[in-house]
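Structure assessment
The residues making up each chain are set out below.
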Amino acid sequence: MENFLSILRGNPLVSFTILLLVILTLPPIFERLRLPGLVGLLFAGVILGKDGLYLLDADSESIELFADIGKIYLMFVAGLEIDLAEFRKTKERSLVFGSLTFFLPLLMGTFVGLNFGFGWNSSILIGSLLASHTLLGFPIVQRLGMVKNQAVMVTIGATIFTDIAALLVLAICVSIHSGDFSAASLVMQLVSLGFYAIIILFGFYWLGKEYFRRTGDEESNQFLFVLLAVFLASIGAQLINVDKIIGAFLAGLAVNDVVGDGPVKEKVEFVGGTLFIPFFFVGMGLLLDIPAFLKTIQFQLFLVISIVGGLIAAKFLAATVAKFIYRYTWAESFTMWSLSLPQVAATLAAALVAYQVKDADGQTLINEAVFNSVIVLMLITSILGPVLTAQFATKLPLPKTREDEENRNIESTLDEWLPQLKNEIKNDHFTVLIPIYNPYTQRDLIEMGALLAKKESGIIVPVSIAAAHVHMDDPQVDGNLKQSQILLDRAIEISQEFEVSAQPIIRIDDDAAQGISRSAKEKNANLIIMGWSENTGLKARLFGTILDTVFWSSHCPVAVMRLLDHPVNLRRILVPIKNLSQATLETIKFAQLFADSNQGIITLLHICDRQTPQEQITEFKTTLSKLITEYELSKECKIKMIIHDSPSQVIIRASHQFDLVVLRSFRRRTAGGLAVSDITTEVLKKLSCSLVLFGQPHS
């Protein structure tokens, strides 16, 4: 039996299959238990390691390769997720808070290390492990609409400083531990690191801009370019004797602006979050020695408490000092503290490097007790940080107008947007483009487009994309054209029933999504209407669906529809709104246009967190009422405010009283690259009435 298990452990294919099974099953289970999914991956590593079933060997070449790729990818995504635009807006304050939240934990960790008998080098390294942070609480402040609060923006910007500084300390400490340190070597190391950083940050940025410009919409090649940049940067870091994770992080910063928030970034994050990053956490679990871990908890509990307590206290002190310097409220200070608490990405990657690097005598930079303490630190802060953020972020004041116009309040924002909104509604050349590809949904889509176009005295443009072929004389091309013509003839008949002018077109294209987007631009369409597709397979998640691509590449809004009844029968319309942004106003405008064309009634639903201050709820409702009455967005429009902790449940229950729900389309991810379940996604799974998923260009 042991020989059989040994053969399995040595088979890379078996190891890869086991890892896939673990990644697929355990994180959702732990998330149902209200624990982070990464805890489940660590647990899997322990169970499958030498202290458990021993199906995976941490020392095998395949596992080491998988874990290394995951570690590199984790740091790359950490750099990729940093919002450089927000950092530039508050760079001075971000650097000040970044310095505070880096040096205070660094000093605290160094003090703890020295008091427990570690040398200066190891103690400073322990301090650097406490100095960085991972923004696990960012989706919470995003959901609450508090991202523009200056305290939040400063904390986000500080991530750049803390991560870079922590990795720099790691590089120096590893160099000293390896015996390669001297004053001259330190200077050379810093100089070479400086030149290397310039080459990566500016060289890769320029190359990326040029490559993306020349390749246009070739997303697959752009994805491969990003992957190549990551691993080239990692190899380059090793050539100058610093750890590869430093190169990966710098590569993430370098291509940050290049990939933007587009489909290439989604593919990069999907591959990392689905495969590579989970490999790293499973590998961390495999390295855990459970008897030693329990021994650390039992006999060195004070060390664990000192590291965890020191981190919490130092981060709190940094946020408090920032409060008094910049006169923030206590709610802002506590939010800054909670956002900077979680120690995941840079901390775990650096701890693993320090635990594995050895000097000439075979001694590691940090011992097993410190490594185990860092695991405990990660578990506690990854849970505590988001919980505290949810508690304090609800008490943040709404962003107010400042002299430098960094933030604008809702009233001034409405005054700027709404005149433009009214002009757009009265557009005399309203054009609705409707891709036709499914004869079963064709009538409802044409009917919807005709109602909207008729209301605005506009036209509809039914378009059918005929698949191209290398040889245009191929019989398959002729067959595709005939099928397209049949669909368009039917579209014309339906449009005539509603007395709306139709300008049908057939387009031959290799890519259906790009054909739709280009046709819309050529016809200067105001709106694209498409049918719903529930393609959620692996290929769709990795390469995106036609809907994903059209949402991203179109120049105008896109409305994706799942209609369970004819549009003329959909009169009770529900529009859930999270906050008042330009995208939200455009969604309301679309709902109003449909309601006016169909004698419908709109209900605007806003769900507040139970801890949302009453004055904030009142201000939101007042502003929303102004939006309806003063700007006449709808004659028949109601406002419904509900206090509840689960917006998705409220929307699903409320939908039973309506014919149509209009949802706004958007996506978001955590700083670790792992997907966050969105309210829209939850609602889509359980909604039993007709729906429209409305998205702006590049959403």
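What you are looking at is a predicted structure, and each value in this text was computed from that prediction instead of being measured.

Parameters and conventions
Residues numbered from 1 in each chain as written. Predicted model: local features only at pLDDT ≥ 70, side-chain atom pairs only at ≥ 80, totals over all residues. Heavy atoms only, no water. Pairing = 2+ DSSP bridges. Helix = DSSP H or I, 4+ residues; strand = E, 2+ residues; numbered from the N terminus. Axes fitted to C-alpha atoms, helices over the stretch in contact; angles between N-to-C directions. Contact = heavy atoms within 4.5 Å. Salt bridge = Lys/Arg side-chain N within 4 Å of Asp/Glu carboxyl O. Core = buried A, V, L, I, M, F, W, Y, C linked by side-chain atoms within 4.5 Å. Buried < 20%, exposed > 50% of the residue type's maximum accessible area, 1.4 Å probe, protein only. Expected span 1.5 Å × (residues − 1). pLDDT = per-residue confidence, 0-100. Phe/Tyr/Trp six-rings, centres within 6.5 Å; stacked < 30°, edge-to-face > 60°. Lys NZ or Arg CZ within 6 Å of the ring centre and 35° of its normal. Right-handed = clockwise from strand over helix to strand, strands pointing away.

Focus on the sheet that holds strand 5 (residues 558-562)
The strand order 3-2-1-4-5-10-9-6-7-8 describes an open sheet built from 10 strands, whose pairing is mixed. Lying at the two open borders of the sheet, with one neighbouring strand each, are strand 3 (505-509) and strand 8 (637-643). Going from strand to strand, the sheet's axes swing by 25° on average, the running direction of each strand aside. Relative to strand 8, strand 7 (residues 601-608) runs parallel, the two being bridged by 7 bridges. Pairing of L604 across the sheet is with I639, part of strand 8. Most of the contacts of helix 23 (residues 512-522) go to strand 3, to which it runs at about 135°, and overall it touches strand 1 (431-435), strand 2 (459-467), strand 3 and strand 4 (527-531).

Overview of the pattern of salt bridges
Throughout the structure, instances matching the rule amount to 9 salt bridges. Put simply, E497 and R443 hold a salt bridge, and the shortest N to O gap is 2.7 Å. One end of the pair, E497, is in helix 22 (residues 475-497); the other, R443, is in helix 21 (residues 442-455), and 54 residues separate them in sequence. The partner of R572 in a salt bridge is D659, and the shortest N-O contact between them spans 2.9 Å.

Some remarks on the nonpolar core
In summary, soluble globular proteins display a tendency toward joint burial of nonpolar side chains. In terms of nonpolar packing, the biggest core is built from 125 residues, with F76 and L348 touching the most fellow members. It is helix 14 (residues 263-287) that provides the largest number of residues to this core, a total of 12 residues. Residues contacting L348, with those up to four places away along its chain left out, are F280, F281, M284, V374, I375 and M378. If you look at the next biggest cluster of nonpolar residues, it comprises 44 residues, including L487, V500, A591 and I602.

Examining helix 7 (residues 120-131)
Spanning 12 residues, helix 7 covers 16 Å between terminal C-alpha atoms, matching the ideal 16 Å at 1.5 Å per step. Burial within helix 7 is extensive, with 10 of its 12 residues counted as buried. Taken residue by residue, helix 7 has N121, S122, S123, L125, I126, G127, S128, L129, L130 and A131 as its buried positions.

Describing the environment of M641
Considering the arrangement of structural elements, one finds M641 in strand 8. Along the chain, M641 and K621 lie 20 residues apart, while their C-alpha atoms are 7.8 Å from each other. Ignoring any residue separated from it by four or fewer positions in sequence, one finds M641 in contact with H606, C608, I617, F620 and K621.

A closer look at the confidence of the model for the protein chain
Looking at the protein chain as a whole, the pLDDT averages 79, with 84% of positions reaching at least 70. Mean pLDDT across the secondary structure elements of the protein chain bottoms out at helix 24 (residues 538-543), with 41, and peaks at strand 1, with 92. This stretch, residues 536-544, has a pLDDT under 50; its non-local contacts, to residues over four places away or in other chains, come to 12 contacts.

Some thoughts on the packing of aromatic side chains
One pass over the full model with this rule turns up 20 aromatic pairs. Aromatic side chains F16 and F279 sit 5.9 Å apart centroid to centroid with 70° between the ring planes, which places their arrangement in the edge-to-face category. Of this pair, F16 sits in helix 2 (residues 12-32) while F279 sits in helix 14, placing them 263 residues apart in sequence. By relative accessible area, which is 3% here, F279 ends up buried. Here F103 and F161 contribute two aromatic rings whose centre-to-centre distance is 6.5 Å and whose plane-to-plane angle is 55°, an arrangement assigned as tilted. Here F103, found in helix 6 (residues 91-115), pairs with F161, found in helix 9 (residues 150-177); they are 58 residues apart in sequence, far enough to count as distant. The partly exposed category is assigned to F103, whose relative accessible area is 42%. On the basis of relative accessible area, F161 is assigned to the partly exposed category, the value being 24%. An aromatic cluster is built from F316, F324, W330, F334, W337 and F392, whose rings are joined through pairwise contacts. In this structure, K323 is placed above the aromatic ring of F324, and the distance from its NZ or CZ to the ring centre is 4.6 Å. In this structure, K323 is placed above the aromatic ring of W330, and the distance from its NZ or CZ to the ring centre is 4.7 Å.

Points about the pairing of strand 6 (residues 572-576)
With 4 of 5 residues buried, strand 6 is to be regarded as a mostly interior element. Direction of pairing for strand 6 relative to strand 7: parallel, over a ladder of 5 bridges. Looking at the pairing, R572 lines up with I601 of strand 7. Read as a crossover between parallel neighbours, the route from strand 6 over helix 26 (residues 582-597) to strand 7 is right-handed. As judged from the 2 bridges shared by strand 6 and strand 9 (residues 660-664), these two strands associate in the parallel manner. Bridge pairing in strand 9 places I573 opposite L660.

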